[in-house]
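Below are the chains, spelled out letter by letter.
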Amino acid sequence: MICIFLQNTRPTQLEERLKIINYIYDWFDLQRDLTQFYSLAQKDSVLKQSVSKFYGLRLIGIPDLFEALAWGIIGQQINLSFAYTLKRRLIEAYGESIDYEGVKYWSFPKPDLIASLAASDLTSLQLSQKKGDYLIGIAQLIASKKLSKEKLLAMDNFAASEKTLTDLYGIGPWTANYVLMRCLRYPEAFPVTDVGLLRAIQFSQSLEQKPTKEVVLNYAKAWKNWESYATFYLWRLLY
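From a predicted model like this one, the values you see are computed outputs, not experimental measurements. (Residues numbered from 1 in each chain as written. Predicted model: local features only at pLDDT ≥ 70, side-chain atom pairs only at ≥ 80, totals over all residues. Heavy atoms only, no water.)

Trainee: Describe the overall build of the chain, and please don't skip the residues or the numbers.
Mentor: Within the chain, the regular secondary structure consists of 15 helices and 2 strands. Against the compact-globule benchmark of 18 Å for 239 residues, the chain has a radius of gyration of 19 Å, which places it among compact chains. In terms of overall dimensions, the chain has a C-alpha envelope of 50 × 45 × 40 Å along the principal axes. Scored against the burial criterion, the 239 residues of the chain give a buried share of 45%. Taking the contacts inside the chain whose residues are at least 6 apart along the sequence as the reference set, 62% of them involve residues at least 24 apart. Counting only carbon and sulfur atoms, one obtains 54% of the accessible surface of the chain, whose full area is about 13500 Å². Positive and negative charge centroids in the chain, built from 28 and 24 side chains respectively, lie 3 Å apart. (Helix = DSSP H or I, 4+ residues; strand = E, 2+ residues; numbered from the N terminus. Rg over C-alpha atoms; globule rule 2.2 N^0.38 Å. Buried < 20%, exposed > 50% of the residue type's maximum accessible area, 1.4 Å probe, protein only. Contact = heavy atoms within 4.5 Å. Areas by Shrake-Rupley, 256 points an atom, 1.4 Å probe, with all protein chains shown as cover. Lys, Arg positive; Asp, Glu negative; His and termini not counted. Charge placed at Lys NZ, Arg CZ, Asp CG, Glu CD.)

Now the structure itself:
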């Protein structure tokens, strides 16, 4: 398919088409070999149901660092439905759109624009004061080039990247690991206290109550270096 996409490509188009290919590979994590993950998951009491049902699923990413951080901040301590509502309001208020064949398509707001806002601009969308402050602060760091995906990837170290993120105002372990999982693509990223993850494990194991963090960490010993994929497959059980 890639060869067909690049056939008869003029030199001026080649760079743009390669960017599209790289974006898609990053978006769907297509370069990762999942053989080892499936081997361990098919023998695992927690994971075997989800990998059997959703075999072939890739961890869909959020390639843009600001969007990943913003989505993590927006989703802190609220249900997914309301998080989607807030994200849509933010995009429609400050993103850009194009119309194609009668459908409007939106792009996520640029950090430079969000960096220039006041918190009151965001609380008017029903974001909390704290989340508004967090978003603006992160946007300012990215707009000023003090924080970037390239700098985080250059560390090539999970612990260092996690610490860099958790040192930021408004970014705790859950949000940091969400970003490490969805944007920076660390397979060991693990939002261990995620409510959806706890619910999925409770469902898969027919537990009367949600498992504690200690119980989840005990299950996760068998998922070493594949915690992000284990989380993503378990989340899928809830849809």
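Trainee: So what's going on with the side chain of R182? Residues and values would help.
Mentor: Relative to the helices and strands, R182 resides in helix 12 (residues 173-182). Summary of buried charges: R182 has no salt-bridge partner, and the nearest side chain of opposite charge, E67, is 8.5 Å away. (Salt bridge = Lys/Arg side-chain N within 4 Å of Asp/Glu carboxyl O.)

Trainee: Can you lay out a nonpolar patch on the surface for me, pointing to particular residues and giving the numbers?
Mentor: A cluster of nonpolar side chains, contributed by I20, Y23, I24, Y25, W27 and L30, occupies part of the molecular surface with about 530 Å² of accessible area. Within the fold, Y25 resides in helix 2 (residues 11-27). (Patch = residues over 30% accessible without salt bridge, like charges linked within 9 Å, V, L, I, M, F, W, Y side chains within 5 Å.)

Trainee: I'd like a description of the packing of helix 5 (residues 65-74) against helix 6 (residues 80-94), backed by residues and values.
Mentor: Relative to each other, helix 5 and helix 6 sit at 135 degrees, their axes nearing to 9 Å. Taken as axis vectors, helix 5 and helix 6 run oblique relative to one another. Considering the relative orientation of helix 5 and helix 6, their crossing is right-handed. Here helix 5 contributes E67, W71 and I74 to the contact with helix 6, which in turn contributes L80, A83, Y84, L86, K87 and L90. (Axes fitted to C-alpha atoms, helices over the stretch in contact; angles between N-to-C directions. Parallel < 35°, antiparallel > 145°, perpendicular 65-115°, else oblique. Left-handed = near helix turned anticlockwise from the far one by under 90°.)

Trainee: I'd like a rundown of helix 11 (residues 158-166), residues and numbers included.
Mentor: Of the residues making up helix 11, those classed as buried are F158, S161 and L165. Down the axis of helix 11, the smallest arc covering the buried residues is 70 degrees, so these residues share one side. Sitting at the head of helix 11, N157 places a side-chain oxygen 3.1 Å from the backbone nitrogen of A159. (Arc of directions from axis to C-beta. Polar contact = N/O pair within 3.5 Å; in protein donor to acceptor, adjacent residues only side chain to side chain.)

Trainee: How would you explain unusual backbone geometry if you had to name every residue and give the values?
Mentor: A positive phi angle, close to 50 degrees, is found at D156, a residue other than glycine. Along the polypeptide, D156 turns up in the loop between helix 10 (149-155) and helix 11. Assessed through its relative accessible area of 65%, D156 is described here as exposed. Here N225, not a glycine, exhibits a phi torsion of approximately 70 degrees, which is positive. Within the fold, N225 resides in the loop between helix 14 (213-220) and helix 15 (227-236).

Trainee: Describe the pattern of salt bridges, and please don't skip the residues or the numbers.
Mentor: Applying the stated criterion across every chain, the model contains 7 salt bridges. As a salt-bridge pair, K87 and E67 come within 3.3 Å of each other at their nearest N and O atoms. You can see K87 sitting in helix 6 and its partner E67 sitting in helix 5, a full 20 residues away along the chain. For K87, a relative accessible area of 15% gives the class buried. Notably, a salt bridge pairs D99 with K104, separated by 3.9 Å at the nearest N-O pair. Since its relative accessible area comes to 43%, K104 is described here as partly exposed. It is possible to trace a salt-bridge network through shared partners that takes in D26, K149 and R185.

Trainee: Can you break down the packing of aromatic side chains residue by residue, with the values?
Mentor: On inspection of all chains with the given rule, the structure shows 18 aromatic pairs. On the numbers, 6.4 Å between centres and 65 degrees between planes, the contact of F232 with W235 is edge-to-face. Of the two residues, F232 and W235 are both situated in helix 15; the distance of 3 residues between them amounts to about one turn of the helix. By way of ring pairs, the aromatic residues F37, Y38, Y55, W226, Y229 and Y233 are connected into one cluster. (Phe/Tyr/Trp six-rings, centres within 6.5 Å; stacked < 30°, edge-to-face > 60°.)

Trainee: Describe in detail the environment of N157, supporting the description with residues and values.
Mentor: When you line up the elements, N157 lands in the loop between helix 10 and helix 11. Residues N157 and Y186, spaced 29 residues apart in sequence, show a C-alpha to C-alpha distance of 9.1 Å. A distance of 3.1 Å separates a polar side-chain atom of N157 from the backbone nitrogen of A159.

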